[in-house]
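# A look at the structure
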Amino acid sequence: MPEMPEVQAHAERLTKQFSGRVLDRFTPFNFTALKTAVPPPDEAYDCPLIQVGRRGKYLLVEFEPVTFVVHLMQGGRLVPDAKLSAKPRGGQARFLFTPGDATGDAADDVSALLLTEQGKERRAGVWCLPTEEVLTSPPLDRLGPEATGVTADELAALFAQKSVRIHGFLRDQRMIAGIGRRLANEVCHRAEISPFATTKKLAESGAVLVADAIQSCIEDGLDYGRSRPDMTSSRDRLSAVHRRTGEPCPVCDDSIRAVEYSGYTVNYCPTCQTSGKILADNTTSKFLK
Ligand SMILES: [Zn+2]
């Protein structure tokens, strides 16, 4: 799933291409794509796109009266659409702009943004909300503070709320917004802490390490995302340990290890992160939570 750096770089790219374009029509291609009934999308018709913003891992297609909140989930993409085919492959919804009124960079013949999602899961979606209420309404109202800019003091306070493993904490959007599986692995590695370290223990002295690691991993991701012409796929993102089971650690040359879960893999370097200790594989140990 795209995380904060990919989504942010993509939002900036789309703003550059489409800001100022006037919305002609919003078309969902199936009944699950639009998650809200009120206000209707046509409240944004004939309005110029202010910008494509971001909150957590969500894109915000912002018009003055209403904002469309777009969640890409695993395989969703919001892409410039020149073809305008009646039934685009994987198409979930389309923002069609009035042609010929570009103030952004999009060529005049690219007059639409298409939300696509490959596969059958159909989990990507769009919420249409009054712009002044967008941050305080579902789905954004439950998000924790943005990962970027979070301070060590804020983190320490969050760590003290509940004792959970740091890897799970980092992925919990209600705790801190924008980090997913890749960044959780990378942040723990860069902070040189075990992914299984508890937040209670880290609250005493680890918040500075984690806050610094979050900022530097995000900065690297942003630099990389902004250098790309389009949103990167998960195989094409920076990583020191994520998806690198068995490969040498770029810091110490130890072999990257994995703990497998049903939905994701925790990757870590024993030498850098656990004083050489091998963490129990979840599939073989039922006793570790
Ligand atoms: Zn290492």
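It should be noted that the structure appears before, not after, this text.
Residues numbered from 1 in each chain as written. Predicted model: local features only at pLDDT ≥ 70, side-chain atom pairs only at ≥ 80, totals over all residues. Heavy atoms only, no water.

The next thing to look at is the overall build of the protein chain. Of regular secondary structure, the protein chain possesses 7 helices and 10 strands. Compactness check: the protein chain gives a C-alpha radius of gyration of 20 Å against a globular reference of 19 Å for 289 residues, within 12% of the reference. Over its C-alpha atoms, taken along the principal directions, the protein chain stretches across nearly 60 × 35 × 35 Å. Burial status across the protein chain gives 52% buried among its 289 residues. Counting only contacts in the protein chain whose residues sit at least 6 apart along the sequence, the fraction spanning at least 24 positions is 68%. When the accessible area of the protein chain is evaluated, it comes to approximately 13,800 Å², of which 51% is carbon and sulfur surface. Computed over 36 positive and 37 negative side-chain charges, the separation of the two mean positions in the protein chain equals 9 Å. (Helix = DSSP H or I, 4+ residues; strand = E, 2+ residues; numbered from the N terminus. Rg over C-alpha atoms; globule rule 2.2 N^0.38 Å. Buried < 20%, exposed > 50% of the residue type's maximum accessible area, 1.4 Å probe, protein only. Contact = heavy atoms within 4.5 Å. Areas by Shrake-Rupley, 256 points an atom, 1.4 Å probe, with all protein chains shown as cover. Lys, Arg positive; Asp, Glu negative; His and termini not counted. Charge placed at Lys NZ, Arg CZ, Asp CG, Glu CD.)

Time to look at the coordination of the zinc ion. At 2.2 to 2.4 Å from the zinc ion lie its protein donor atoms, namely C249 (SG), C252 (SG), C269 (SG) and C272 (SG). Classification of the site at the zinc ion as tetrahedral follows from its 4 donor atoms and the range of 94 to 114° in their angles at the metal. Donor residues binding the zinc ion come from one chain and are separated in sequence as C-x2-C-x16-C-x2-C. Judged by relative accessible area, which is 2%, C249 ranks as buried. (Donors = N, O, S within 2.8 Å, 3.2 Å for Na, K, Ca; no water. Tetrahedral: all angles 85-135°; square planar, octahedral: opposite > 155°, others 65-115°.)

Right, let's get into the sheet that holds strand 2 (residues 51-55). If you trace the 4 strands from one edge of the open sheet to the other, you get 2-3-4-8, paired in antiparallel fashion. Looking along the sheet, the strands with just one partner apiece sit at the ends: strand 2 and strand 8 (125-130). When strand polarity is set aside, the average angle formed by the axes of neighbouring strands in this sheet is 25°. Two elements, strand 2 and strand 3 (residues 58-62), share 5 bridges in a ladder whose sense is antiparallel. Among the inter-strand pairings, Q51 is bridged to a residue of strand 3, identified as E62. The strands that helix 1 (residues 4-18) touches are strand 2 and strand 3; relative to strand 2, the one it contacts most, it runs at about 165°. (Pairing = 2+ DSSP bridges. Axes fitted to C-alpha atoms, helices over the stretch in contact; angles between N-to-C directions.)

The next point concerns the sheet that holds strand 7 (residues 112-117). Pairing within the open sheet is antiparallel, and its 4 strands lie in the order 1-6-7-5. Every other strand in the sheet has two partners, leaving strand 1 (23-28) and strand 5 (76-80) as the edge strands with one partner each. With direction set aside, neighbouring strand axes in the sheet form an average angle of 15°. In terms of strand pairing, strand 1 meets strand 6 (residues 91-97) through 5 bridges, oriented antiparallel. Directly across from T27, in strand 6, lies its bridge partner R94.

What follows deals with the pattern of salt bridges. Taken as a whole and assessed by the stated rule, the structure comprises 11 salt bridges. The partner of D81 in a salt bridge is R94, and the shortest N-O contact between them spans 2.7 Å. Residue D81 is found in the loop between strand 5 and strand 6, and its partner R94 is found in strand 6; the two are separated by 13 residues along the sequence. Accessibility assignment for this pair places D81 and R94 in one class, buried. Its salt-bridge partner being E247, residue R244 comes within 3.1 Å of it at the nearest N-O pair. (Salt bridge = Lys/Arg side-chain N within 4 Å of Asp/Glu carboxyl O.)

Read these as geometric descriptors, not functional statements.
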